[in-house]
Amino acid sequence: MQKTSENAEFTEITPTAGIKVPSHGWRAKCLQRLIRMELPVPKTVALPAETVRAIAAGQMPDTDGITRIFGPSFLVSVRGSPANPAWGGPGTILNVGMNGKRHAELVETHGRESADALYLRFVQSYAVHVERLDPDMFEAEPSPRALEQALLAYEAETDQPFPQDSARQLSEVLRSMARAWEGTSARLLRQAKGAPADAALGLVVQGMAFGIGPGLSGSGTIQFADSVTGAPQVAGRFRGQSQGRSQAQTTLYLTRDARGVSLEETAPDLFAQLQVFGAACRIRLREEMQIEFTVESGALHVIDAVRISRSSRAAVRIAVALAEDNVISREDALLRIEPRALTELLHYQVDPRAPRDRIARGIAASPGAATGKIVFTSAAAQAAAARDEACILVRRETAPEDIRGMHAAAAVLTERGGMTSHAAVIARGLGLPCIVGASEISFNTRDRTLVGPKGRVLREGDIITIDGTSGEVLLGAAEMLAPALDDGFRTLLHWADAVRDIGVRANADTPDDARTARMFEAEGIGLCRTEHMFFDEARLTVMREMIFADTPHDRQIALERLLPMQRDDFTALFDIMAGQPVCIRLFDPPLHEFLPHDREGMRELAEALDRPLSEVTRRCDALSEFNPMLGMRGVRLGITVPEIYEMQARAIFEATVEASKRGAPVVPEIMIPLVSAAREAEMVKARIDAVAAAVKSERRAEFTYRLGTMVETPRAALRAGDIAEFSQFLSFGTNDLTQMTYGLSRDDAGKFMGTYVKQGVYAEDPFHILDVEGVGELLLIGAARGRERRPDLTISVCGEHGGNPESIAFCRAAGFDYVSCSPFRVPIARLSAAHFALLAPKSR
C-alpha cells in the first residue's frame with residue numbers, strides 16, 4: 001500500500017497530495033498545480049529528495065508499489081525535479097516499461113513502424129544513460145532493422161538480453177538518474193549555476209501519452225509570449241504522427257500560416273482548448289508558461305509546463321504585462337527583473353538567434369554591440385565619423401587624448417585594461433560597447449593588423465562586431481536587436497522610483513551625457529569631470545598655451561580665452577538639467593596629460609606655440625612625473641596654480657546667473673578633488689567664495705551654491721570630520737580610493753586580477769565590486785566622522801561602484817543620500833535600489 005505522508009517513498013500527485021517544492025522539486029509541484037486546474041495530466045508519481053538520496057546510496061524504494069499505480073502493462077517516463085529548474089538535472093527517459101510483450105501489443109494497436117520507433121528510442125536511452133554504453137553504437141535512425149540491431153548490440157555489449165522486466169527497468173532508471181545527480185561533474189555544473197552544494201533532486205514518474213494513433217495525433221509545445229521580445233504571440237511547434245507512418249511525418253504550424261497547414265485550422269477545438277489552458281496557466285501559475293502536450297487520436301494530454309525561456313527585454317515586458325493585468329503585484333514585477341539584465345534593453349544587442357563567428361574574447365567592460373571598420377588611431381576614427389562610416393577604435397590601451405576618437409567610434413577594443421581602466425570607464429559613460437583586456441588577440445599597431453588566436457589576420461578597414469555584453473569579438477556584421485526603451489521599460493522604472501529610498505544621479509561630462517542622464521531620469525548630475533571638456537581640438541591648443549605660459553599674466557590671458565568656453569559648457573548642462581542638481585568637479589588631472597607624448601606631437605605643438613622644439617621637449621619632460629596619480633593633480637594644482645580654479649568657479653557662477661534667468665533656479669555644487677587635509681579645502685573655499693562675491697557684484701545677481709569635497713584618499717576619509725567644516729557634502733570617489741587603499745593601479749590590475757580572484761586572494765575584483773571590508777570601512781568611518789561634525793552633511797558615492805547593485809546595497813544600508821554612476825547604469829541603479837527597499841525596508 002502506498003504511503004501518504006510527506007516523508008513517503010513516493011506519492012501519487014493528486015490535488016490534495018503533500019507535494020512541496022523543497023522536497024519534491026519544482027516539476028512535481030507544477031504538475032500538481034496543473035492537476036488542480038483539472039488539466040488532462042497523465043497519472044504521475046513523485047519521489048522526494050530523501051528517496052532519491054536513498055536510491056543513490058543503494059536503498060531502492062518499493063518499485064512494485066509504484067508500478068501498481070500505473071497498472072500491469074505500464075509505460076512511463078522519468079524526469080528530474082530539482083527545487084530550481086535552473087539547476088538542470090538528468091535528462092528525461094521515455095517509454096520505461098517497454099519490452100517484447102508490450103511491443104507486440106503496440107504493433108497490433110498502433111502499427112509496427114510506430115511500435116518499433118517507441119521501443120528503439122527506449123533501448124537507445126537505456127543503453128546510453130543507464131548502462132553507460134558507447135553512444136555511437138546506438139545512434140541508428142528508425143529503419144526496418146534498427147530495433148533488431150540495437151537489441152543485438154545491447155546483448156553483445158552486456159552479455160545478456162535487453163531486460164524484459166518492466167519493474168526492473170524502472171528500478172535501474174531511477175538508480176541511474178539518482179547517481180548521475182550525485183556525481184562530481186553534475187555537482188560542479190549545478191553549483192556553477194548557483195545551486196547549493198547539498199541541492200536535492202526529486203524524480204517524477206509519469207504515464208506515457210504517446211501522441212500516435214489513427215486520428216489526429218502528435219506532440220508539441222505552445223507558448224503565448226515571444227521569448228526574445230516578450231510580445232503576445234503564439235509560438236511553438238506541433239509534429240503530427242499517424243498510425244503506421246514515420247514518427248515525425250508532418251510538422252504543423254500552430255496558428256494559421258500561408259506557408260502550410262496549421263493546428264488551428266486542422267483542429268480548431270483542440271487549438272482553442274490549448275489557448276484556454278495557456279490563459280489558465282498564466283493566471284493560476286502567475287507566469288507565462290510553455291505547455292508540453294500530446295494528442296492521441298484527437299485526445300489532448302498535458303505532459304508538463306515550464307516557465308518560458310526569455311531574454312531580458314522579454315522578461316521586462318512580461319513582468320509589466322502580468323502586473324498591469326493584476327496577475328502579480330508591481331512589487332513582484334520589480335523583484336522578477338535582475339537589475340543587471342536591464343543593460344540588454346539600453347543598447348543594441350547581437351541577436352541571440354543569429355549565428356556568430358567569434359574571433360576572440362576579452363573583458364566585457366561596457367555593454368551593447370556595434371559593428372564597424374577597424375581603425376587604429378583616434379584621428380582615423382574621427383575621419384571615419386566625418387565620412388559617416390561606423391568604426392571600431394582598436395588600441396593597446398586608451399589615454400585621455402583618445403577621448404575624441406572614442407566619441408567618434410561605434411565601439412572600443414583594447415588589448416590591455418580591466419573593468420575600471422580608462423577605456424572601460426569612459427566607454428560606460430558614453431554608452432559605447434567596449435571590450436578590454438583582449439589578450440587573445442595580438443595587436444600590431446605598426447602594421448595595423450590584429451591576429452586572432454587561430455592565426456586569423458584582420459587589417460584596418462576590415463569589419464568586426466564588438467559584443468560588449470558577452471566580451472566577444474565577432475567577424476563581420478552580426479545581426480542586431482534594437483534597444484528596448486519602450487513603455488514597459490519606463491513603467492517598470494517608475495514603479496521602482498516609487499519604492500526606492502536612495503537617490504540616483506548620473507556622472508555626465510558633456511551636454512550629450514546630460515541628455516542621456518535626463519532620458520534615463522537621473523535625479524541630477526553627481527559628477528561632472530571638467531577636464532574632459534578641454535580635449536576638444538580648439539580648446540586643447542589654448543590649454544597648452546596656458547600650460548606653457550611663462551608668467552602669471554600670460555597664464556591669465558590663456559584662461560580668459562578658456563572662460564567663455566567653460567561658461568557655455570556649464571550653461572548648457574544647467575539648461576538641460578532644468579533645475580536639477582549639478583555637481584561639478586574642479587580640474588583634477590596632472591597637466592602633462594594635455595601634452596603630446598611622442599616626437600611628432602611635440603613638433604606640431606612647437607609649431608602651434610611658435611616655440612623651439614627643444615624648449616617644448618624640455619617643458620614636457622619637466623612636467624612628467626614618476627607617479628602622476630599621486631603627483632601634481634587635483635587640489636594640489638588648484639593651490640599651486642590657483643588661477644585655474646578661479647577661472648572655473650567664475651565660469652560656473654556666470655553660467656548659473658545666465659541659466660537661472662531662462663529657467664528654474666540653479667544651485668550649482670562645486671567639488672574639490674583629491675583633498676587630504678582640511679587646510680586644502682579651507683584655502684580653495686576662500687578663493688571660490690571670493691569669486692562668487694565678485695560675480696554677484698558684477699552681475700548684480702543673487703545665487704546660492706554648495707561647496708563639497710571628493711574623498712579619494714584614505715587620509716581624507718579618516719579626517720572627514722575636519723574636512724566637513726569646510727564642506728556641505730562629501731562624495732566618495734571609490735575608483736581612486738580603492739587604488740590608494742590597495743596600492744594598486746586599476747589600469748594594470750587586469751594582468752593578475754583573474755588569478756587573484758580564482759585563487760581566493762580577493763573575493764571579487766575590488767574595482768568592479770566595492771570592497772566593503774576595507775574600502776567600505778573607510779566609507780563608514782568618513783561618513784560617521786563627517787556627520788558627527790556636521791549633521792546636515794550630504795554623503796554620496798560617485799565612482800563607478802555607484803552603479804553596482806552590491807555597492808548600492810552597502811550605500812543604502814550606510815544611510816548615504818545618493819549614488820552617482822554612468823548615465824547608462826542609471827536604470828540599473830534605480831531598479832537595484834528598489835530591490836533593496838523591498839527586501840529590507842527597515843534597514844535604514
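Note that this is a predicted model, so its numbers are computed, not measured. (Residues numbered from 1 in each chain as written. Predicted model: local features only at pLDDT ≥ 70, side-chain atom pairs only at ≥ 80, totals over all residues. Heavy atoms only, no water.)

A.B. asks: Sorry if this is basic, but what is going on with helix H31 (residues 775-789) here?
C.D. replies: Since the α-helix packs 3.6 residues into each turn, any two residues three or four apart lie on the same face. For H31, spanning 15 residues, the distance from its first C-alpha to its last is 21 Å, which sits close to the expected 21 Å at 1.5 Å a residue. Listing the buried residues of H31 in full gives Val775, Gly776, Leu778, Leu779, Gly782, Ala783 and Gly786. Axial view of H31: buried residues confined to an arc of 155 degrees, hence all on one face. On its buried face, H31 sits against helix H27 (714-718), helix H28 (720-724), strand E29 (729-732), helix H29 (734-742), strand E30 (794-797) and helix H32 (805-813). (Helix = DSSP H or I, 4+ residues; strand = E, 2+ residues; numbered from the N terminus. Expected span 1.5 Å × (residues − 1). Buried < 20%, exposed > 50% of the residue type's maximum accessible area, 1.4 Å probe, protein only. Arc of directions from axis to C-beta. Contact = heavy atoms within 4.5 Å.)

A.B. asks: Hey, could you run me through the pairing of strand E27 (residues 669-672) in this one?
C.D. replies: On any regular strand, side chains alternate: one points to one face of the sheet, the next to the other face. Of the two faces of E27, the one holding Glu669 and Met671 and the one holding Ile670 and Ile672 are both buried throughout. Bridging between strand E26 (residues 582-585) and E27 involves three bridges; their strand directions are parallel. Across the sheet, the residue bridging to isoleucine 584 is isoleucine 670, located in E27. Pairing of E27 with strand E28 (residues 706-711), which is carried by four bridges, proceeds in the parallel orientation. In the strand pairing of E28, isoleucine 672 is matched with threonine 709. In this region the chain leaves E27, passes through helix H26 (residues 678-699) and returns to the parallel neighbour E28; the handedness of that crossover is right-handed. (Pairing = 2+ DSSP bridges. Right-handed = clockwise from strand over helix to strand, strands pointing away.)

A.B. asks: I'm lost on the packing of helix H18 (residues 487-499) against helix H33 (residues 826-839) in this one. Help?
C.D. replies: Working note: a packed helix pair is described by the angle between its axes plus the distance between those axes. At their nearest, the axes of H18 and H33 sit 8 Å apart, and the two run at 45 degrees to each other. Classified by the interaxial angle, the pair formed by H18 and H33 is oblique. As for the relative orientation of H18 and H33, their crossing is left-handed in sense. Where H18 approaches H33, its residues Phe489, Leu492, Leu493, His494, Ala496, Asp497 and Val499 are matched on the opposing element by Pro827, Arg830, Leu831, Ala834, Ala837 and Leu838. Of the residues that constitute the contact of H18 with H33, the class distribution is 10 nonpolar, one polar and two charged. (Axes fitted to C-alpha atoms, helices over the stretch in contact; angles between N-to-C directions. Parallel < 35°, antiparallel > 145°, perpendicular 65-115°, else oblique. Left-handed = near helix turned anticlockwise from the far one by under 90°. Nonpolar A, V, L, I, M, F, W, Y, C, P; charged D, E, K, R; others polar.)

A.B. asks: I keep staring at the sheet that holds strand E24 (residues 503-507) and nothing clicks. Help me out?
C.D. replies: Remark on secondary structure: sheet strands pair via backbone hydrogen bonds, oriented parallel or antiparallel. The strand order around the closed barrel formed by eight strands is E24-E25-E26-E27-E28-E29-E30-E31, and the pairing between neighbours is parallel. Neighbour-to-neighbour, the strand axes of the sheet open up by a mean angle of 25 degrees, direction not taken into account. In this structure, strand E25 (residues 525-529) lies alongside E26, joined through three bridges in parallel fashion. In the sheet register, arginine 529 faces E26, and the bridge partner there is arginine 585. Strands E24 and strand E31 (818-821) of the sheet are contacted by H33, whose axis makes an angle of about 165 degrees with E24.

A.B. asks: Just checking my understanding: could you explain the sheet that holds strand E18 (residues 442-444) for this structure?
C.D. replies: Taken in spatial order, the three strands of this open sheet run E18-E19-E20, and their pairing is antiparallel. The sheet is open, and its two borders are formed by E18 and strand E20 (457-459), each paired with just one other strand. Across the sheet, the mean angle from the axis of one strand to that of its neighbour is 20 degrees, orientation sign disregarded. Pairing analysis gives three bridges linking strand E19 (residues 449-451) to E20, with the strands arranged antiparallel. Across the sheet, residue threonine 449 finds its bridge partner in E20, namely arginine 459.

A.B. asks: Help me out: how do you make sense of a positive patch on the surface in this one?
C.D. replies: A cluster of basic residues, Lys20, Arg33, Arg36 and Arg284, forms a positive patch at the surface. Position of arginine 284 among the secondary structure elements: in helix H11 (residues 268-284). (Patch = residues over 30% accessible without salt bridge, like charges linked within 9 Å, V, L, I, M, F, W, Y side chains within 5 Å. Areas by Shrake-Rupley, 256 points an atom, 1.4 Å probe, with all protein chains shown as cover. Salt bridge = Lys/Arg side-chain N within 4 Å of Asp/Glu carboxyl O. Lys, Arg positive; Asp, Glu negative; His and termini not counted. Charge placed at Lys NZ, Arg CZ, Asp CG, Glu CD.)

A.B. asks: I'm lost on the pattern of salt bridges in this one. Help?
C.D. replies: Between side chains of opposite charge, a pair can form as their charged atoms come close. Evaluation of the coordinates by the stated rule reveals 70 salt bridges. For glutamate 654, the salt bridge is made with arginine 699, and the minimal N-O distance between the two is 3.6 Å. Of this pair, glutamate 654 sits in helix H25 (residues 642-662) while arginine 699 sits in helix H26; the two residues are 45 residues apart in sequence, bridging distant segments of the chain. Across the pair aspartate 792 and arginine 790 runs a salt bridge whose closest N-O atoms are separated by 3.6 Å. With relative accessibility at 23%, the residue arginine 790 sits in the partly exposed group. One connected set of salt bridges, linked through shared partners, spans Arg567, Arg650, Glu654, Glu658, Lys661, Glu698 and Arg699.

A.B. asks: I'm lost on the confidence of the model for the chain in this one. Help?
C.D. replies: In low-pLDDT segments, the atomic positions of the prediction should not be examined closely. On average, residues of the chain carry a pLDDT of 90, and 98% of them reach 70 or more. Here residues 1-7 is a poorly scored stretch, pLDDT under 50, and it has 12 contacts once near neighbours within four places are set aside; other chains count. Ignoring residues within four places in sequence, the model shows residues 242-248, a span with pLDDT below 50, making 20 contacts including any to other chains. (pLDDT = per-residue confidence, 0-100.)

A.B. asks: Just to check I follow, could you spell out unusual backbone geometry for this structure?
C.D. replies: Most peptide bonds adopt trans geometry, and most residues besides glycine take a negative phi value. For glutamate 38, which is not glycine, the phi torsion reads 65 degrees and is therefore positive. Turning to its location among the elements, glutamate 38 is positioned in the loop between helix H2 (26-36) and strand E2 (44-47). Backbone geometry at arginine 448 places phi at a positive 55 degrees, although glycine is not the residue there. Tracing the backbone through its elements, the reader meets arginine 448 in the loop between E18 and E19.

A.B. asks: Whenever I open this one, the packing of aromatic side chains confuses me. Can you help?
C.D. replies: Centre distance and the angle of the planes are the two values used to describe a pair of aromatic rings. This model, assessed by the stated rule, comprises 18 aromatic pairs. Each ring, one from phenylalanine 752 and one from tyrosine 756, has its centre 5.1 Å from the other, and the planes form 65 degrees; the classification is edge-to-face. Overall, the relative accessible area of 31% leaves tyrosine 756 in the partly exposed class. A network of ring pairs unites the aromatic residues Tyr119, Phe122, Tyr126, Tyr154 and Phe162 as a single cluster. (Phe/Tyr/Trp six-rings, centres within 6.5 Å; stacked < 30°, edge-to-face > 60°.)

A.B. asks: What am I meant to see in the pairing of strand E22 (residues 472-475) here?
C.D. replies: Pairing of strand E12 (residues 358-361) with E22, which is carried by three bridges, proceeds in the antiparallel orientation. For arginine 361, the partnering residue across the bridge sits in E22 and is glutamate 472. Two strands pair when backbone bridges link them, and strand E21 (residues 463-467) and E22 are joined in this way by four bridges, in the antiparallel orientation. Directly across from threonine 465, in E22, lies its bridge partner leucine 474. The antiparallel hairpin formed by E21 and E22 contains four residues in its connecting segment, where glycine 471 sits at a positive phi of about 85 degrees.

A.B. asks: Help me out: how do you make sense of H26 in this one?
C.D. replies: A rise of 1.5 Å per residue sets the reference length of H26, with its 22 residues, at 32 Å; its end C-alpha atoms lie 31 Å apart and thus fit the reference within 8%. Along H26, the residues classified as buried are Ala678, Glu680, Ala681, Val684, Ile688, Val691, Ala692 and Val695. What you see down the axis of H26 is that its buried residues fit within an arc of 150 degrees, all on one side. With respect to the buried face of H26, the exposed residues turned more than 90 degrees away are Arg679 and Ser697.

A.B. asks: Can you walk me through the state of the cysteines in this structure?
C.D. replies: One covalent bond between the sulfur atoms of two cysteine residues makes up a disulfide. For the coordinates displayed, the defined rule picks out zero disulfides. Here cysteine 30 stays free of any disulfide, with the sulfur of cysteine 281 as its closest cysteine sulfur at 7.1 Å. With a relative accessible area of 6%, cysteine 30 lands in the buried category. Looking at the unpaired cysteine 434, the closest cysteine sulfur is the one in cysteine 391, lying at 14 Å. (Disulfide = S-S within 2.5 Å.)

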